[in-house]
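# Descriptive analysis of the structure
Read off the chains here:
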Amino acid sequence: MNIIRKKSWQISENLVTSKELFEKRRSFIKLGAASLVASGAIMQLLAKENLPNITLDFIKDENKNALKLNTYEQITSHNNFYEFTTKQSAVKDMAHTLKTDNWKIQIDGLVENPMKIDLDDLKKMLTLEERIYRFRCVEGWSMVVPWNGYTLSSLIKKVKPLSSAKYIRFETLVDTTSFPDQKRGAFGAVEYPYVEGLRIDEAMNDLSFLAIGLYGDLMPKQNGAPIRLVVPWKYGFKSIKSIVKISFVEKEPLNTWQKENADEYGFYANVNPNVDHPRWSQKKERVLGSFTKQNTLMFNGYEKEVSGLYVGMDLTKFI
Ligand SMILES: Nc1nc2c(c(=O)[nH]1)N[C@H]1C(S)=C(S)[C@@H](COP(=O)(O)O)O[C@H]1N2
Ligand SMILES: [Mo]
């Protein structure tokens, strides 16, 4: 590896220019003079590093913890979305088959205002925000994503749950023309529909988020278009994609990964470096794009915001 010691005058460059500009400039430098002739290659490289156009209008996140964002490229090219394939690098080139137009969401169960609502109408009811969150997959990789979306609590308040509603159950679309793995029936990677759930108090926590985009543009299909859950203090599998149904229920829903393998995956799935997965340690994680590992934080760094939800619960048992 080529290690270049930075001169003192170079060190502050990424502090004074925007990240995007900084990355582009670095790419030019990397290419060097010889390849300047092949300007097509430069254009390609720039296009690759380019962020999407900002098409959404949202309240910006102050990024108080100064988290370092993963690139758009990284976030959109390493995906878990078993409805397409279990191969993380292959999802992005398959995801074009997902049909997202005229998307509707059914909200039912123990609520005063059940509804089957067009996503476009739902968007008019809620306030669009940006949330820059750490995201930690149970497999040991992580990233930081600037999501765009709505607090789950703001939607819950609109539909008015009855006092008997203790949990929320989410379902992903079932559509064999959108999702190739759903054509395989019993041979599919998991049983469909993909199901997830939260306890009502978890869902009402201000961190629980319904994302419709990232980096200021609508959600890429591989990341769960047109609307997906993001629960940043829990392992990534809780953040269910391409949601068509939200049900308010009395009993704890059986989520997909618990159903597949209850010895390894439970309902809570709180990020916890002190409770190992039966087959690997959860102490460390590899941030997408990095060669080294960093320590995994309790509740993925959101202990202050969420530890109160689990007082008196043995977190080695409620995995
Ligand atoms: N419907 C559905 N949702 C899903 C999954 C899936 O396979 N199907 N994978 C989960 C897992 S294991 C992770 S880590 C995240 C990955 O989200 P990303 O591709 O946006 O990084 O989505 C979660 N939501
Ligand atoms: Mo995951």
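All values derive from a computational prediction rather than experimental measurement.

Cut-offs applied
- Residues numbered from 1 in each chain as written.
- Chains lettered and ligands numbered in written order.
- Predicted model: local features only at pLDDT ≥ 70, side-chain atom pairs only at ≥ 80, totals over all residues.
- Heavy atoms only, no water.
- Near = heavy atom within 4 Å.
- Polar contact = N/O pair within 3.5 Å; in protein donor to acceptor, adjacent residues only side chain to side chain.
- Areas by Shrake-Rupley, 256 points an atom, 1.4 Å probe, with all protein chains shown as cover.
- Buried < 20%, exposed > 50% of the residue type's maximum accessible area, 1.4 Å probe, protein only.
- Helix = DSSP H or I, 4+ residues; strand = E, 2+ residues; numbered from the N terminus.
- Pairing = 2+ DSSP bridges.
- Contact = heavy atoms within 4.5 Å.
- Axes fitted to C-alpha atoms, helices over the stretch in contact; angles between N-to-C directions.
- Salt bridge = Lys/Arg side-chain N within 4 Å of Asp/Glu carboxyl O.
- UniProt positions renumbered as here; feature names shortened; annotations may be inferred.

## Some words on the site of ligand 1
Lining the immediate environment of ligand 1, one finds 19 residues, of which Asn79, Tyr82, Glu83, Asn223 and Lys241 sit closest. One of the side-chain N or O atoms of glutamate 83 is found 2.8 Å from a nitrogen atom in ligand 1. Arginine 228 is positioned such that a nitrogen or oxygen atom in its side chain is 3.0 Å from an oxygen atom of ligand 1. When the free accessible area of ligand 1 is taken as 540 Å², the share hidden by the protein chains comes to 98%.

## Some thoughts on the pairing of strand S4 (residues 141–151)
The buried fraction of S4 is high, at eleven of eleven residues. Inspection of the sheet shows strand S3 (residues 129–136) paired to S4 by eight bridges, in the antiparallel sense. Each bridged residue has a counterpart across the sheet, and for glutamate 129 the counterpart in S4 is glycine 149. Where S3 folds back on S4, the antiparallel hairpin that results is connected by four residues, among which glycine 140 adopts a positive phi of roughly 105°.

## Points about the side chain of threonine 85
Within the secondary structure, threonine 85 sits in the loop between helix H5 (72–75) and helix H6 (91–94). Here threonine 85 falls in the buried class, since its relative accessible area comes to 16%. A distance of 3.0 Å separates the side chain of threonine 85 from the backbone nitrogen of lysine 87, its partner in a polar contact. For threonine 85, the residues in contact, after removing those within four places along its chain, are Ala90, Val91 and Met94.

## Regarding the sheet that holds strand S10 (residues 243–249)
On the basis of which strands lie adjacent, the open sheet formed by five strands has the order S2-S1-S10-S5-S6 and mixed pairing. Two strands close off the open sheet at either side, each with one partner strand: strand S2 (115–118) and strand S6 (195–199). Taking the axes of each pair of neighbouring strands and ignoring which way they run, one obtains an average angle of 15° across the sheet. In the sheet, strand S5 (residues 167–172) pairs with S6 via five bridges, with the strands oriented antiparallel. In the sheet register, arginine 169 faces S6, and the bridge partner there is glycine 197. Seen against the sheet, helix H8 (residues 152–159) touches strand S1 (104–109), S2, S5, S6 and S10 and runs at an angle of roughly 60° to S10.

## Some details on the pattern of salt bridges
In this structure the tally under the stated criterion is 16 salt bridges. Here aspartate 314 ties to lysine 317 by a salt bridge, and the two come within 3.1 Å at their closest N and O atoms. Taking relative accessible area as the criterion, aspartate 314 reaches 32% and is therefore assigned partly exposed. In the salt-bridge network here, residues are joined through shared partners; they are Glu129, Arg131 and Asp206.

## A short note on the pairing of strand S7 (residues 209–214)
Most of S7 is tucked away, with six of its six residues classed as buried. With five bridges connecting them, S4 and S7 associate as antiparallel partners. If you follow glycine 149 over to S7, its bridge partner there is alanine 211. Of the pairings in the sheet, the one linking S7 to strand S9 (residues 228–230) comprises three bridges and is antiparallel in character. Paired with phenylalanine 209 across the strands is valine 230, a residue of S9. In sequence, S7 turns back onto strand S8 (residues 217–218) through a hairpin of two residues, with tyrosine 215 there showing a positive phi of about 50°.

## Here we look at the UniProt feature "binding site: Mo-molybdopterin" (unreviewed entry) in the protein
The UniProt record marks Asn79, Tyr82, Glu83, Cys137, Thr172, Asn223, Arg228, Ser239, Ile240 and Lys241 with the feature "binding site: Mo-molybdopterin" (unreviewed entry), using the residue numbering of this structure. Along the chain, tyrosine 82 falls in the loop between H5 and H6. Filtering out sequence-adjacent residues up to four positions away, tyrosine 82 remains in contact with Glu139, Asp181, Ala189, Val190, Tyr192 and Trp257. Structurally, the position occupied by arginine 228 is in strand S9. Residue arginine 228 is classed as buried on the basis of its relative accessible area of 3%. The contact partners of arginine 228, leaving out residues within four places of it in the chain, are Phe135, Trp147, Phe209, Leu210, Ala211, Met219, Asn223, Ser239, Ile240, Lys241, Ser242 and Ile243.

## What to know about the side chain of aspartate 175
Position of aspartate 175 among the secondary structure elements: in the loop between S5 and S6. A polar contact of 2.7 Å, which involves the side chain of aspartate 175, links it to the side chain of serine 178. When residues no more than four places from it in sequence are discounted, the contact partners of aspartate 175 are Lys99 and Gln182.

## Concerning unusual backbone geometry
Note the cis peptide between tyrosine 192 and proline 193, where omega equals 0°. Residue position: proline 193 is located in the loop between S5 and S6. Each neighbour pair has its own omega, and for alanine 225 with proline 226 the value is -5°, a cis peptide bond. The backbone of asparagine 102 sits at a positive phi, close to 50°, despite the residue not being glycine. Along the chain, asparagine 102 turns up in the loop between H6 and S1.

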